[in-house]
Every structure is written in structure tokens, then in C-alpha cells.
Amino acid sequence: MAEAHTEYEHPLMKGYREQLGFGFPQVAQVFEDCMAEALSALSREGIDAYLEYARFLCKMGRGAEPVLIFLEEWPSVATTLGESALPALKAFIHKMYKSPNGKAIVPFLQSLAATARRLHSQEQMQDYMDLTLDFMGRTTGSIHGIHTTFASPGLPEFFQQTPFLLSQVSIAGLKNWVEYGIRNYHDHPDRQRDYFSLQSADSRAMMQRERSGTLLFDNERKLDMYLRGLWNVSDHFVPYSLKFDELRKPIPYYDKLGIRLPDVFDDRNGVTGIDRYRAVLAHVVGHKRWTTAIFADNMSPFQRMSAEFLEDSRVEYLAMRQYPGLRRIFLALHPVPAEDACDPEQESAVRHRLAMLSRAILDANHPYQNPDIIEFAQRFHALMEQSESSTQEMADLAVAFGARTRRQSDQLPKIHFQDTEIDYRDDNRQMWKFIEEGDEEEAFDQNRKVELEEEIKGLPPRHYPEWDYNSQTYRPDWASVYEALHPKGNAADIDRLLDKHSALAKRLKRMLDLLKPQDKVRIRYQEEGSELDLDVALRSLIDFKGGATPDPRINMSHKTSGRNIAVMLLLDLSESLNESVFAGMGGKPPNSQKVAGSSQTILELSQEAVSLLAWAVDKLGDPFAIGGFHSDTRHDVRYLHIKGYSEQWNDEVKGRLAAMKAAYSTRMGAAMRHGAHYLENQKAEKKLMLILTDGEPSDVDTNDERLLIEDTRQAVKELDTKGIYTYCISLDPKADEYVRDIFGKQYTVIDNIQRLPERLPELFMALTK
């Protein structure tokens, strides 16, 4: 797979390779697959920037790891945040590169895609990077206090935990959590590491304290269903944080990129956080449905403000007309400004008067005695009772209200804000249009996409998490799985293998006949059925004529008494399968075995066994797929489709099975998660994943031998929650040392590997009785 590009390479791909100019063999192996994803996600300018920055990372002196991660992760990050996020990201990484914290670049890049999915907008990503730069600057040490010398002890651990932290707290909560760690453990490197890796008790306690409110990310699906179901609208949600802009608090708004919402809402005045989001969305959708942009050029700022307040009231009135239950939420969230709260001689009362008018329109039981407020609230309701009114009519009413209530003190620089901010309303930017273009008009860039050239084919990698048993958390997007159809060989080779085992096949066929589903089973005593049950019908007729109550269940139906099971066979195609059978058995053949067979490899024997199993399952008619896998670090896990569920056991599949080759290592957890991606979509009562392997999970980039064992164990648990039963057939004589830790009692160790062609189909039939 890795050397495929040397046989024939599309000129365009060759140009991309030259543009990158890499010197790392690990990058060369996955470059074409990464480019396939990048070409489908990025514009032409985005591709150039992508390759240019990857070229810089190649020359940064940190090895192949940062380059590999960037090539794999950036297309998905750009899809989430936009290509324009790259310059800020480059500046951030450059600051780390110029500091003693260069080793933190890899964990930052690795967590970037998962972090971007949680933050969901460039604004929040910038807040996150600003927070991190502050963290880095305050925890990076120096000897003489002039030049930084020692790397921040907690920064790499912080990056590893960031996706999990952002699943628990908002970006504002994360800022408070980080601030606590810096303040208390600035001078304690070991304790700082424990805190930012979530190992210490106070770290977890502080995180729990910050877990307040309703996170937008956790409720996006509910809110999307709310928009679709009640408003027949679908839009993109873009979060922002209220914690980072202290001078000018951002407020909701919508544009062509989506609806901007706070990343977290606390409960308020008896209204839950999720209902506060619903109030904002109802208000925004009201504008999108009923507001028509009007010219702003001939209106003063005060007149525009008045028009916005009244238009907000109009769209809420129409929304409540459609869904009256919204009134309770709006009443609870709308402030009630006291009529005498503002001193008109000392401060501008424009906002105060408009807030009172807005409340009077919403609440028939308002406390206000001001005759102007009462009159204009009545005029508003008179307009709305006649029809839906219009944005222009609201603007005209606003101008009249401003003229009636205008005071000299309205020009004072001090403005009364108390109880005038209605935080579920948007900023009304879409309500206005301008005769002349100016700073008020927002321009929108059209995202230009590059069509993937038909000659360059390949599926983008799928990124899967990996379990870290040390921290008891997932490493997000850690393993990159590349899938492809297995190359074809000679199907006649498989036919010869089946002929070789013809006697075993006959014995298996007798066993299969017992497992085959029967055609039909009769179900009697049905009130409704496909045909009349004559015996019961005659008995009911006799009862009826004799004056007794007849049995109404005179029909019968039929059902197929069959198997309802889907199977996935996952083959470990690591390098160790190239060993001879007797080497795998400890080097000596059993006494009953002829030495002439000692040249057969475990891979060849596996081909025989899988061929017999596939033949047997085809006879049973069960949905069945075969996939092979091997890995060369977490960046290059290869998943090869040998047989799909929709394919028959034919020469095409036999050809792929005949061409099986073994290489590299065994990153089993990632392969199981990817295989489950296909198996869980099968409509079957039982779902079985068989894993055929000759060794423990391992890879060249892991020094801790327990790491991938524990990850595979976690993958087994994940599949169990999806209703997938996993079973391991191990050919490793030493498997008892680790296989029980992974699969519990769901495994078999075949000590005599030469019996594999016989044992594999038998095991399958025993598991699926």
C-alpha cells in the first residue's frame, strides 16, 4: 500500500508532492490519502496554504509527527472553523516553537480537531488560544528572569485533556479552571502536572464547580430538532463566549454563516438553560420569517433603536400567536424596569423608556402609569389585531414614539442601562439596509470549493479515539484509519484450497444442514391471519350452532424459522503471519505431523481457514463481511475490505482473499471500532464480530505494552454497548497471558495452528446456533 504511488502517479498529485517537498518516509506513505480528503474540503487557495504550512512543519525540527497530524487533522478543522482560521493557528504554533514549549506542539495539534468541534467558531478558538498563550507565558520558567528557559510543566497535559474539559465546562469555565491551577501551582511543577492532567482531587473538584449551566454543544441536536419540528427551519449554530469580551458583551445575531449563540446558558427566573436557547431561537426565527429589511440612512440612532425595540416586540407577538407557551418564557426573561429608576436630569432615559414600552406590550398586567407608555402599547396592539403589520409600520410607530417622548437629557453621555438589556434578543443587524455601502454593511465571502479530480480516488481517513488507561480518558482523534478494497489475485487459488479440504467440507455440510433455517412454521389460533385454520373453524362452527360462544381465533399465519445474525470477520494481517506454522507453535512440529508441511506460513493457513468459513457462511445465507487490518503507527492504520455485506461469495471476493499479504503491526482497537461502523448498521437481531489474530495488540510507536491492550479492552466494551458480541480466535500460544484481560471469556486459543481450517468453521457454528 505504501509504495503504490511509485507505480503510477497522477501528474497533479506529483505536483502536490513537489510543492510539499517532504523528506519523511512516514509522510510519503499517507500523503495521497490525506490529499484526497484535503481536495474535497479545501479551496485552491486553501490547498496551497495547507501544503505551505505542512512544508514549514517539515522543517521545524520536530520530526514527522507534527506534519502527519497536521495533514490528517486540518481538513476537518477547516470544515468546522473555516480556512481563514489557519493564519491565527500558525501564529499560535510559531509562538510555541519560539519558546521552550516546542514539545507541546504535538499534543496541541492532536487535540485540535476535537477542540474545534467543541468550540465551533473562530471567535471561540481565538479565545482558547489567547487563554493558552497566557497560561504558557505564566508557567514557562527562566533562570535569571530574562529569557525563558524551562518549558511549562502542565501545558502538554492540558492539551491532552482539553477536549474532555470542553465537554464538561464552557470556555469561560475552562478559563476559571486554568486560572485556579496557575495561581496555586505556579511554583510546583509536579503538582502542576497533576492538576492539568486531572489527576489531583482539587483539579476534579474545580472542574465540577465550573460545570454550571446548559452547554450549547451538548444540546445542539435537541435545538436543531426544535427548529425543524416547530419552525420548519434548519440552520448552523455558532457559539461565542460571554467571558472574554468584558468591555462589550456580545449578543445573539444571525447571518449567512449561521445563528450566533452563547456557548452556555444558566437557569434564570425559573427558566431552564435549554428554554433560554429556545427563546433566542424563536426570536431569531421570528425575524427571519417576518422582518423585512428597511433603509436606515434617513433615521437617527435613537430612531433606529426605537424601531428595533418595537420590531422585536412584533416578531415575539407573532411567535406567541403561533405558540402561546412562549409567553411564559418571554415574561420570565424580559426585565421589568422600575418606572422611577431613572433620573432624567442626570442620565439619558431613552433605553429605559423603550424597555418599559417593550414590557408593557408583552405584559397586559404591567405596573406602568406613564400615559405615553400606555398609549403606544395600545397603538401597537391595535396594529397587530388588524394583521401581521410590517417592519415599516413598526419604524413609523417608533418615530412617533420618539417625537412624543423626546427630552433634552436624552443627549447626555451617561445612559441608564439597568434592567434594559433583554438578552434573548438579537442585535437586529439584518433589519437594516443602506443606500451607500459603509462600515455597517457586512460582506460575506463565498466559500470556493475545489472539485476532486476523478483520477485521484481515495476515501478520507476516519479518526478514532484511543483509550489511555493511565489517565482513564480518551485521546480524541488519535488513530487514523485508511480503508480501501483489497487488491485482487487469482481466485483459482482459493478453489484449489477448498478442493484440498473437500473431506472436511463434506463433514461441515452435514453440520450446516442442521443449522439451516426451516422454511415455514405454522402459528395457530390467530384472530387475523393469512389463511383459515380448518380444525379450529369447524370447532367454532359447532360451538356456534350448539349455542356456545365460538372461539374467534379461527385463522393461522406462518413465519420463517430462520437465523437473524450478521457477522464480521476481522483478520489481523500483521508481519508475524509470515512466520512458518511451526515457528508459531514454538519451533517443533507435533509428533503426528509430517515435516513436509513445515514450510506453510500462518498467513497461508489463515487463507484456508477463512475460505472454508466464508464457504460455510455462504451456505447458511448469513450477512457476512471480511476485513483485514495492519498498522504502521497510529497515523497509518490500514483497513482492507475483502468481502462486503452486499457481495456474494464469488470470484471477485476469492481473488481478494488469494492476494492477502501480511505486514506491519496490530493496532486492534482502531480496526475493531472501524469494523463496528459497518456491522452496527446491519439489520439483524444478533451481531457477531470474530477477530482472528496471532498476537497481542501492539504498534511501533507505543512503548507501553499495556496501552493498546487496554485500548482494545475498552473497544470491546464500546461494541458491547452497541449490541455487538466480540469473540477472539487467537493463534498465539502465549495468549492466555493477555487475551482474557481483553475479551473476558469470549475467546478461544488454538494451540495446534494446523487445525485452524477445521476449528474456525466449527467455532462459528457453535457461536451462532
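Keep in mind that what you see is a predicted model, and the values were worked out from it rather than measured. Chains are numbered independently. Their residues run from 1 in the order of the written sequence. Only residues with pLDDT of at least 70 are given local features in this predicted model, and only at 80 or more are side-chain atom pairs given and counted; all residues enter the totals for whole chains, interfaces and linings. Based on all heavy atoms of the structure, the side-chain values leave hydrogens and waters out of the count.

> Would you explain the packing of aromatic side chains in this entry?
Remark: the centre distance and the inter-plane angle together describe each pair of aromatic rings, the angle taken between the planes. Between rings of Phe, Tyr and Trp, where Trp is taken as its six-membered ring, a pair exists when centres lie within 6.5 Å; planes separated by under 30 degrees are stacked, by over 60 edge-to-face, and by other angles tilted. Under the criterion given, the structure shown has 23 aromatic pairs. Taking 5.9 Å as the distance between ring centres and 85 degrees as the angle between the ring planes, the aromatic pair formed by Phe56 and Tyr97 counts as edge-to-face. Highlighted residues: Phe56 in helix H3 (residues 44–58) and Tyr97 in helix H5 (residues 86–97), separated in sequence by 41 residues. Partly exposed residues are those whose accessible area sits between 20% and 50% of the maximum for their type, while under 20% is buried and over 50% is exposed, using a 1.4 Å probe and protein chains only. Looking at Phe56, the relative accessible area reads 27%, which means it is partly exposed. The class for Tyr97 is partly exposed, based on a relative accessible area of 27%. Ring plane angle 90 degrees and centroid distance 5.4 Å describe the contact between Trp177 and Phe196, whose orientation is recorded as edge-to-face. With Trp177 in helix H9 (residues 171–185) and Phe196 in helix H10 (residues 189–196), the pair connects residues that are 19 residues apart, well separated along the chain. As far as the burial class goes, Trp177 and Phe196 line up, both buried. Here the aromatic cluster, defined as three or more aromatic residues joined through ring pairs, consists of Phe92, Phe108, Tyr128, Phe135, Phe158, Phe159, Trp177, Tyr180, Tyr185, Tyr195 and Phe196. One residue, Arg475, lies across the ring of Trp478, its end atom 4.6 Å from the ring centre. Our definition puts a charge over a ring when NZ of Lys or CZ of Arg is within 6 Å of the ring centre and also within 35 degrees of the ring normal. For Arg634, the ring lying beneath its charged end belongs to Trp478, and the centroid distance is 3.7 Å. Numbering goes from the N terminus for both helices and strands, where a helix is a DSSP run of H or I of at least four residues and a strand is a run of E of at least two.

> Teacher, can you tell me more about the confidence of the model for the chain here?
For residues with low pLDDT, the predicted coordinates do not support detailed interpretation. pLDDT expresses, on a scale from 0 to 100, how confident the predictor is about each individual residue. Summary statistics for the chain give a mean pLDDT of 85 and a share of 89% for residues scoring 70 or more. Should any heavy atoms of two residues lie within 4.5 Å, those residues are considered in contact. Note on residues 1–8: pLDDT under 50 across the span, and eight contacts to partners over four residues away in sequence or across chains.

> Please clarify how unusual backbone geometry should be interpreted in this entry.
As a rule of thumb, non-glycine residues mostly have phi less than zero, and peptide bonds are mostly trans rather than cis. We note that Asp419 has phi near 60 degrees; this positive angle belongs to a residue other than glycine. Its location among the elements puts Asp419 in the loop between helix H18 (391–405) and strand S9 (432–433). Notably, Thr633 is not glycine yet its phi reads approximately 80 degrees, a positive angle. Mapped onto the fold, Thr633 is located in the loop between strand S16 (624–631) and strand S17 (637–643). Under the relative-accessibility criterion, Thr633 is labelled buried at 17%.

> Before we go on, may I ask you to explain a nonpolar patch on the surface in this structure?
Only residues above 30% relative accessible area that lack a salt bridge enter a patch, with like-charged residues linked at up to 9 Å and the nonpolar side chains Val, Leu, Ile, Met, Phe, Trp and Tyr linked at up to 5 Å. Residue exposure ignores everything except the shown protein chains as possible cover, and the areas themselves are Shrake-Rupley values with a 1.4 Å probe. We define a salt bridge as a contact between a side-chain nitrogen of Lys or Arg and a carboxyl oxygen of Asp or Glu at a distance within 4 Å. Together, Leu538, Leu541 and Phe544 make up a nonpolar patch on the protein surface, roughly 330 Å² of accessible area in all. Looking at where Phe544 falls in the secondary structure, it is placed in helix H21 (residues 534–545).

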